[in-house]
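Close look at the chain arrangement
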Amino acid sequence: MRAADGMGSVEGRHTTGPGRPTSRDVARLAGVSHTAVSFVFNGRADGNLSPATQERIRQAAAQLGYRPDPVARGLRRRRTAVIGLVTDEIASSPFAGRLLRGAMETAWGSEHLVLTVDSGGDPAKEDAAVAELLDRRVDGIIYAAMSLRRVRVPEGLHRTHCVLANCLPEDGSLPAVIPAERAGGRTAARLLLEAGHQRVALVGGQDDIASVERLRGFRDALRAEGITVPKERVARTGGEISGGYEGALRLLDGIPAGRRPTGIFCYNDRVAAGALHAATRLGIAVPDELSVVGYDDQEHMAAYLSPPLTTVALPHRAMGEAAARLLLDAIDTGRTPPANVRRLACPVISRASVGPVPIP
């Protein structure tokens, strides 16, 4: 038996009164009961309304520009269809916008909006931001960091569904989505090994998780081929262009071609830019005499260097998507995901800075 299956024609009827159209306006235009409209927009139409009536209601809603009230719908479901995203400095940085886009588009695909708060790395602001989001009854929160590190969990995050992105909780209490940095280091080494390079070096890096893991992976892949990197071919000079320039000069300047490295793995793309600049100053052609591999696939940089940089990409967008999906699944099921660490692959972006070993 079908209930609330009223009759009527969409043509020739109009909403009465100014302002935002309501579900009652849709009901009048479609010639059905208000209950029938509620069935359609609350997902209860099948079994209660015929397909023709459902379509007539949707046509009336489209004609009027009607959209269900998300606040009222949220109150009925005890949800707000809004998630929070608290970051340390991502929103004010050009480097990780893809993470935000991945999270926002995934949330939007599930009819959720994202409220983003950038704390600038201030713990007090982070605590205040989380408290404000909880007061606004968001359905859950993603906490994201600009660079991979262990983070203090802001106060209040354990009171709601929460997933971390590009960072790890100091207390191991929350699920996290991070790049597979060690595997990325192995990938970078294989790029050089497959091109025939054995005299390889590493430039840049700091005392952080990403540096340590990338170097470990780099050494793993070389060790598997019986190759070691002597200390004099590791220049730990930081993460900026100046560090890459300084480190590459240290490894290349004044060294005969038969003894200097033929391949360099750089901690990130900024370091790689410095290494390319040093090679140009020394008259060393890339990739004919020296191959350079970066890391990050930094927007507005890697593809525009000379030559365009072959790099291992940080999966920022995929991290945002995965964190949002984990959070949305927890919201839908009401179950908190286990405090596991999910590592996402770092893909190769092949361009023009890697070539075969130069012929002596």
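See above for the structure.
Residues numbered from 1 in each chain as written. Predicted model: local features only at pLDDT ≥ 70, side-chain atom pairs only at ≥ 80, totals over all residues. Heavy atoms only, no water.

1. Digging into the sheet that holds strand β7 (residues 176–179)
With parallel pairing, 6 strands are arranged side by side in an open sheet as β2-β1-β3-β5-β7-β13. The open sheet has two edge strands, β2 (113–118) and β13 (341–344), and neither has a second partner. When strand polarity is set aside, the average angle formed by the axes of neighbouring strands in this sheet is 20°. Bridge count for β7 against β13 is 4 bridges, and the pairing is parallel. Within β13, the residue paired with Val177 across the bridge is Arg342. Sheet strands touched by helix α11 (residues 316–333): β1 (82–87), β3 (140–144), β5 (161–165), β7 and β13. Its angle to β5, the strand with the most contacts, is close to 165°. (Pairing = 2+ DSSP bridges. Helix = DSSP H or I, 4+ residues; strand = E, 2+ residues; numbered from the N terminus. Axes fitted to C-alpha atoms, helices over the stretch in contact; angles between N-to-C directions. Contact = heavy atoms within 4.5 Å.)

2. Describing the layout of surface pockets
The calculated volume of the second largest pocket comes to roughly 330 Å³. Around the second largest pocket, the lining comprises 22 residues; the ones closest to its centre are Met146, Ser147, Arg270, Asp296 and Leu314. For the lining of the second largest pocket, the class distribution of residues is 7 nonpolar, 6 polar and 9 charged. (1 Å grid on protein atoms, 1.4 Å probe; cavity = no way out; pocket = protein on both sides within 12 Å on 5 of 7 lines; lining within 4 Å. Points joined across faces, edges and corners; volume = space filled by probe spheres on them. Nonpolar A, V, L, I, M, F, W, Y, C, P; charged D, E, K, R; others polar.)

3. Observations concerning the sheet that holds strand β12 (residues 310–313)
With respect to topology, 6 strands assemble into an open sheet ordered β9-β8-β10-β11-β12-β14, the strand pairing being mixed. Lying at the two open borders of the sheet, with one neighbouring strand each, are β9 (234–235) and β14 (348–349). Relative to strand β11 (residues 291–296), strand β10 (residues 263–266) runs parallel, the two sharing 3 bridges. Counterpart to Phe265 in the pairing with β11 is Val293. Strand contacts of helix α8 (residues 209–224): β8 (200–203), β9, β10 and β11, with the helix running at about 175° to β8, the strand carrying the most contacts. Against the sheet, helix α9 (residues 241–252) touches β8, β9 and β10, its axis set at about 150° to β8.

4. A word on the side chain of His197
Here His197 lies in the loop between α7 (181–194) and β8. The buried category is assigned to His197, whose relative accessible area is 1%. At a separation of 2.7 Å, a polar atom in the side chain of His197 contacts the side chain of Thr262. Reaching out from His197, the side chain makes a polar contact with the backbone oxygen of Gly355 at a distance of 2.8 Å. Leave out the neighbours within four places in its chain, and His197 touches Leu192, Thr262, Gly263, Ser291, Gly355, Pro356, Val357 and Pro358. (Buried < 20%, exposed > 50% of the residue type's maximum accessible area, 1.4 Å probe, protein only. Polar contact = N/O pair within 3.5 Å; in protein donor to acceptor, adjacent residues only side chain to side chain.)

5. Considering the packing of aromatic side chains
Across all of its chains, the model carries 2 aromatic pairs by this definition. Centre to centre, the rings of Phe265 and Tyr295 are 6.1 Å apart; their planes meet at 50°, and the pair counts as tilted. Remark: Tyr295 occurs in strand β11 and Phe265 occurs in strand β10; sequence separation between them is 30 residues. The residues Phe265 and Tyr295 share a single accessibility class, namely buried. One aromatic cluster is present, built from ring pairs that chain together Phe218, Phe265 and Tyr295. The ring of Tyr295 is capped by Arg214, whose NZ or CZ atom sits 3.8 Å from the centre of that ring. (Phe/Tyr/Trp six-rings, centres within 6.5 Å; stacked < 30°, edge-to-face > 60°. Lys NZ or Arg CZ within 6 Å of the ring centre and 35° of its normal.)

6. Brief notes about α9
The α-helix winds at 3.6 residues per turn, so residues separated by three or four positions along the chain end up facing the same way. Spanning 12 residues, α9 covers 16 Å between terminal C-alpha atoms, matching the ideal 16 Å at 1.5 Å per step. Among the residues of α9, those classed as buried are Gly243, Gly244, Tyr245, Gly247, Ala248, Leu249, Leu251 and Leu252. On its buried face, α9 is in contact with β8, β9, β10 and α10 (269–282). Just beyond α9, the residue with positive phi is Gly254, at close to 80°. (Expected span 1.5 Å × (residues − 1).)

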